[in-house]
Amino acid sequence: MYLTTAQEMRDLDRYAIETIGIPGVVLMENAGKAVARLLTDRLPHPGDALVLAGTGNNGGDGFVAARHLAAAGWRVTVWLAGPEEKLTSDARVFFRVCRNLGIPVVRDAAERREELSRRIAEADAIVDALLGTGIRGEVRPRALELIRLVNENRRGAVVAVDVPSGADTDTGALLPEAIRADWTVTFAYPKWCHYLRPAAEHCGEVIVADIGIPRSAAEHRPPAARVNDPSWWREWLRPRSRWSHKGTYGHLLVVGGSRGMLGAAVLAGMAGLRIGAGLSTVAVPAGQEPILAAKVTDALVWGWPDDGEGRFAGDSARVLAERVDRFTAAAVGPGLGRFPGEGTWLRGVLETLPCPVVLDADGLNILAEHPDALRFRKGETILTPHPGEMARLAGTNTAGVESSRHVLAREWAKKTGCVVVLKGTHTIIAFPDGTQMVNPTGTPAMAKAGSGDVLSGVIGGLLARGIPAAAAAAMGVYLHGLAGELAVRTSEHSLLASEILSQLGTALSRLASDRARA
Ligand SMILES: NC(=O)C1=CN([C@@H]2O[C@H](COP(=O)(O)OP(=O)(O)OC[C@H]3O[C@@H](n4cnc5c(N)ncnc54)[C@H](O)[C@@H]3O)[C@@H](O)[C@H]2O)[C@@H](O)CC1
Ligand SMILES: [K+]
């Protein structure tokens, strides 16, 4: 499914209306009906509904919702926030319909503050149709006052039409405040603000309603982003051939696991095997090798020259040359740590490996200080920063990353030619061609040490199997999130990374059975 900006959605609407010839009022009718339907589906009995309508098309959707709610037995009042003369032509059609049906429309909502506050408090349901994707700049004072009245006084349920009023559709910023909704019914495709904080926290559950915009509209001019869904990479979920052997499924090399962080490399190596790689080798500083060998039975172990302190020797990348041909992918960084000569080391490793590479954790922190380390990469590269690592790469702080996650990820993918996986709630996967994906799977339970190491191994394992970088990143992030969801058995506080690892097989089989049904 696509994910749109306000402009992309306007283009799709316009194409449907002007090129295909579907009247705008038909789309508006479908939109408003979907909003009313949500309330009648989710609330047990009709009650008092208050529709707060702006003068734009978002308000028009509100008039339609008012009519359908009234037909379903609700006592509906529309509060119009602006002069009637400013209504768009489509909104005016449904404003008249409401009037003709005797549905009360109260004008000058902002001037009747006391009464409106009382009505907001009494309403069983509030339809927020004040501002949609057409908002320009910060919310003007009168509309802002209405948003605050709703947030401060509401007791009943709130459904936002398309986006919570006051949210910036494209950035997820609040301008500076937005309606706090229990549900947001959006049209045709989700928008960025449904996935980006802080607006995403105001949306409640997001429901995407089909309003009759034909698929050909998006095919004509595809939006640049999508929600990550299996249809995009499902073809790679093929069953194994009866005639295959472990070499068929590739060999993942994990480089990391310095003293005190051995577990990170083990998790990555094991995740690679769990996701289907035929072999996995975990390369660690030589002093760690005996401990690793005692700990791991399923993966191969390889000790690299160390610096006597449990870290990689700065010149140890050279050992890679003799064995490099056996690996089909590498995950560099889990438990790597920082060490003298690390810039030369990373450049050497990345230059020597012709296979696809996932670069994670301290691998990214080293890259931030030695950006030329990517210069001689021959194979595809996937960067998997969390917001702190992204901040170091981009020379900003974590707050700077969080306020423009999708912009930074897109810029970095374009600039480096790498696939960028910016982790967090709704991980963003950005591709060098400027397109992006937002991931829907995962749970806050996964905010735990080791979770990222499992992800590196998952993506590395998929790369090792020969899956191209873009699909491996999207598929890996999705499966990792799904495995995390499946692994939460008791409290979401208690999940361990190793439990995500153990659910990868269930996540894979669930998708494979969906595939069989599809
Ligand atoms: N044909 C279409 O384009 C469709 C549009 N739909 C709805 O239309 C919405 C977009 O409609 P519009 O483009 O008319 O825009 P909106 O209705 O989102 O916003 C425009 C209105 O908000 C006011 N406004 C803009 N910026 C403001 C600010 N900073 N402070 C206070 N008031 C401000 C404008 O004066 C105008 O009254 C969508 O969100 C969706 O709900 C749906 O009806 C489906 C079809
Ligand atoms: K709205």
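Please read these numbers as outputs of a predicted model, since none were measured by experiment.

Basis of the calculations
Residues numbered from 1 in each chain as written. Chains lettered and ligands numbered in written order. Predicted model: local features only at pLDDT ≥ 70, side-chain atom pairs only at ≥ 80, totals over all residues. Heavy atoms only, no water. Domains from an automatic or database assignment. Contact = heavy atoms within 4.5 Å. Buried area = accessible area lost by both parts, 1.4 Å probe. Salt bridge = Lys/Arg side-chain N within 4 Å of Asp/Glu carboxyl O. Polar contact = N/O pair within 3.5 Å; in protein donor to acceptor, adjacent residues only side chain to side chain. 1 Å grid on protein atoms, 1.4 Å probe; cavity = no way out; pocket = protein on both sides within 12 Å on 5 of 7 lines; lining within 4 Å. Points joined across faces, edges and corners; volume = space filled by probe spheres on them. Helix = DSSP H or I, 4+ residues; strand = E, 2+ residues; numbered from the N terminus. Nonpolar A, V, L, I, M, F, W, Y, C, P; charged D, E, K, R; others polar. Pairing = 2+ DSSP bridges. Expected span 1.5 Å × (residues − 1). Buried < 20%, exposed > 50% of the residue type's maximum accessible area, 1.4 Å probe, protein only. Near = heavy atom within 4 Å. Areas by Shrake-Rupley, 256 points an atom, 1.4 Å probe, with all protein chains shown as cover. Sits in = over half its atoms within 2 Å of the grid points. UniProt positions renumbered as here; feature names shortened; annotations may be inferred. Phe/Tyr/Trp six-rings, centres within 6.5 Å; stacked < 30°, edge-to-face > 60°.

Structural notes on the domain arrangement of the protein chain
Looking at the assigned domains, one finds that the protein chain contains domain 1 (2-222) and domain 2 (230-517). Between the C-alpha centres of domain 1 and domain 2 the distance comes to 42 Å. Opposite the six residues of domain 1 that make contact, domain 2 presents six residues. Together, the buried faces of domain 1 and domain 2 total about 600 Å²; carbon and sulfur atoms form 73% of this surface. Together, Trp192, Tyr195 and Leu196 form the three largest contributors to the area buried by domain 1 at its contact with domain 2, with a combined 73%. For the interface between domain 1 and domain 2, the tally reads zero salt bridges. Where domain 1 touches domain 2, the interface holds one residue pair in polar contact (both at pLDDT 80 or more).

Topic: the layout of surface pockets
Size it by volume and the largest pocket reaches roughly 1300 Å³. In terms of lining, the largest pocket is formed by 43 residues, of which the most central are Thr55, Gly56, Asn57, Asn58 and Gly134. Where the lining of the largest pocket is concerned, the elements lending two or more residues are α1 (6-20), α2 (24-42), α3 (57-71) and α6 (141-153). It is α1 that contributes the most residues to the lining of the largest pocket, six residues altogether. In terms of residue class, the lining of the largest pocket is made up of 17 nonpolar, twelve polar and 14 charged. Reported here for the second largest pocket is a volume of approximately 670 Å³.

Description of the sheet that holds strand β17 (residues 428-430)
Here we have eleven strands laid out as an open sheet, ordered β1-β9-β18-β17-β16-β15-β14-β13-β10-β11-β12, and mixed in their pairing. The outermost strands of the open sheet, each flanked by one partner alone, are β1 (2-3) and β12 (300-304).

Looking at helix α17 (residues 469-487)
Taking 1.5 Å of rise per residue, 19 residues should cover 27 Å, and α17 covers 26 Å from first to last C-alpha, within 8% of that figure. Where burial is concerned, most of α17 is hidden: 17 out of the 19 residues are buried.

Section: the site of ligand 1
For ligand 1, the set of nearby residues contains 24 residues, the closest of which are Thr55, Asp61, Gly132, Arg136 and Asp162. At a separation of 3.0 Å, an oxygen atom of ligand 1 approaches a polar backbone atom of Thr133. Relative to its free-state accessible area of 870 Å², ligand 1 is covered by the protein chains to the extent of 85%. More than half of the atoms belonging to ligand 1 lie within 2 Å of the grid points that define the largest pocket. Mapped by element, the contributors of at least two residues to the shell around ligand 1 are α1, α2 and α3. Here the element with the most residues in the shell around ligand 1 is α3; it accounts for three residues.

Quick notes on the UniProt feature "binding site: AMP" (unreviewed entry) in the protein chain
Per the UniProt record, "binding site: AMP" (unreviewed entry) is found at Lys423, Gly424, Thr425, His426, Thr427 and Gly452. The annotated residues occupy 30 residues of the chain but converge on a single region, no pair of C-alpha atoms lying more than 14.1 Å apart. If you take the residues mentioned a moment ago, the ones lining the second largest pocket come down to Lys423, Gly424, Thr425, His426, Thr427 and Gly452. For Lys423, the location among the structural elements is in the loop between β16 (419-422) and β17. Among all residues touching Lys423, those that are not within four sequence positions of it are Asp360, Thr384, Pro385, His386, Pro387, Arg405, Gly452 and Leu455. Within polar-contact distance, the side chain of Lys423 engages the backbone oxygen of Thr384 at 3.2 Å. The contact partners of Thr427, leaving out residues within four places of it in the chain, are Arg405, Val421, Leu422, Met437, Val438, Asn439 and Val477. Engagement of the side chain of Thr427 in a polar contact is seen with the backbone oxygen of Gly424, the distance being 3.0 Å.

Details of the packing of aromatic side chains
Geometrically, a pair of aromatic rings is defined through the distance of the ring centres and the angle of the planes. By the definition in use, this model includes eleven aromatic pairs. Ring centres of Tyr2 and Tyr189 lie 5.8 Å apart, and the angle between their planes is 80°; on these two criteria the pair is classed as edge-to-face. Pair noted here: Tyr2 is in strand β1 and Tyr189 is in the loop between β7 (183-187) and β8 (205-209), with a separation of 187 residues, a long-range link. Tyr189 sits in the buried class, given a relative accessible area of 11%. With a centroid separation of 6.0 Å and 20° between ring planes, the pair formed by Trp302 and Phe327 is classed as stacked.

Some words on unusual backbone geometry
Pro176 follows Leu175 through a cis peptide bond whose omega is 0°. The topology assignment puts Pro176 in the loop between β6 (157-161) and β7. Phi is positive for Asp108, close to 55°, though the residue is something other than glycine. The residue Asp108 is located in the loop between β4 (105-106) and α5 (113-122) in this model. The class of Asp108 is partly exposed, set by a relative accessible area of 40%. Non-glycine residue His426 carries a positive phi angle of around 55°.

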